[in-house]
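Here is what each chain is made of, one letter per residue.
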Amino acid sequence: EAHIPAERIEVLENGVRLERFLDVGVEARRRVREPLLLPDSAFVVGTVGSLTAVKNQTLLISAVAQLTEARVDVRLLIVGDGPLRESLAQQALEVGIADRVCFTGWREDVPALLSAMDAYVCSSASEGMSNAVLEAMAAGLPIVTTDVGDNAVMIQNHRDGLIVEPHSATALAQALRTLVFAPDLRRRLGAAARARARLYNFEQVVRRYERYYRIL
């Protein structure tokens, strides 16, 4: 077992290039949605990540399925690829929302895809410091995230986003339902998340890394 003095330990955060995630406006949002067959009027819940067990998109599909009674056209946009794609598509079919779920596969245009979303979800069972959450913050999206890893460090509950217990589709669905019917809350959380993302500005994080290596 290593014994490292506490004063020698420093936490260095991940960073995000804020300029990549500026608001692209209504017209660009429409252009992104159209080829994905996402109506302008739909409430789009999105997530970005590998389609693997640890990212737990299974939980997100279950939560969105609980929103089918909502008086809003709720769609789910899943960005990324991985070994669970077929099983996730089968799950969406079995719970009756296959026509509401869009799988994009692996994409390089994540900032544009974030602009098509009304809310961002991290449903992971485990995380470190999620780059995808940082990017959603920089994009000014209201965020719902499970309380794992550093999610509760990046997001302050009810201030920059909503934090729910992991593995609970009901808790996740309740948080999403809150956002669906509270546009003012969505705007407030999204603006706060974007402001908080400045703490993780890539250039500032790089300087912290450089300073750390100089003092080693």
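Residues numbered from 1 in each chain as written. Predicted model: local features only at pLDDT ≥ 70, side-chain atom pairs only at ≥ 80, totals over all residues. Heavy atoms only, no water.

## Some thoughts on the sheet that holds strand β3 (residues 101-105)
Defined as follows: Strand pairing follows a simple DSSP-based rule, namely that at least 2 bridges must link the two strands. Helix numbers and strand numbers start at the N terminus; a helix is a DSSP run of H or I with at least 4 residues, a strand a run of E with at least 2. Working convention: axes come from line fits to C-alpha atoms, limited for helices to the stretch in contact. Angles between N-to-C directions cover 0 to 180 degrees.
With parallel pairing, the 6 strands of this open sheet are ordered in space as β3-β2-β1-β4-β5-β6. Of all the strands in the sheet, the pair left with one neighbour each is β3 and β6 (162-164). The average angle at which neighbouring strand axes cross in this sheet is 20 degrees, direction not considered. Bridge count between strand β5 (residues 143-146) and β6: 3 bridges; the pairing is parallel.

## Focus on the environment of alanine 195
As a reminder of what qualifies: Any residue under 20% of the maximum accessible area for its type is buried, any over 50% is exposed, and the rest in between are partly exposed; the area is computed with a 1.4 Å probe on protein chains only.
Along the chain, alanine 195 turns up in helix α8 (residues 183-197). Relative accessible area serves as the criterion here: at 33%, alanine 195 is assigned to the partly exposed category. When the C-alpha atoms of alanine 195 and methionine 137 are compared, they prove to be 8.2 Å apart, with 58 residues separating the residues in sequence.

## Considerations on α8
Applied cut-off: Multiplying 1.5 Å by the residue count of a helix minus one yields the expected span of that helix. It is the directions from the helix axis to the C-beta atoms whose arc is reported. By definition, residues are in contact when any of their heavy atoms lie within 4.5 Å.
For α8, spanning 15 residues, the distance from its first C-alpha to its last is 21 Å, which sits close to the expected 21 Å at 1.5 Å a residue. Of all the residues in α8, the buried ones are Leu185, Arg186, Leu189, Gly190, Ala193, Arg196 and Ala197. Projected onto a plane normal to the axis of α8, the buried residues spread over an arc of 130 degrees and lie on a single side. The exposed residues of α8 that point more than 90 degrees off its buried face are Asp184 and Arg187. In this fold, the buried residues of α8 make contact with β1 (43-48), α5 (131-138), β5, α6 (151-154), β6 and α7 (169-180).

## Thoughts on the pattern of salt bridges
The test is simple: Each salt bridge in this description consists of a side-chain nitrogen of Lys or Arg and a carboxyl oxygen of Asp or Glu lying within 4 Å of one another.
Inspection of the entire model under this criterion finds 10 salt bridges. Between arginine 85 and aspartate 81 there is a salt bridge; the shortest N-O distance is 3.9 Å. The class for arginine 85 is partly exposed, based on a relative accessible area of 30%. In this structure aspartate 81 comes out as partly exposed when scored by relative accessible area, which is 36%. Residue aspartate 109 is joined to arginine 107 by a salt bridge in which the shortest nitrogen-to-oxygen separation is 2.9 Å. Among the charged side chains, a network of salt bridges with common partners joins Arg29, Arg33 and Asp118.

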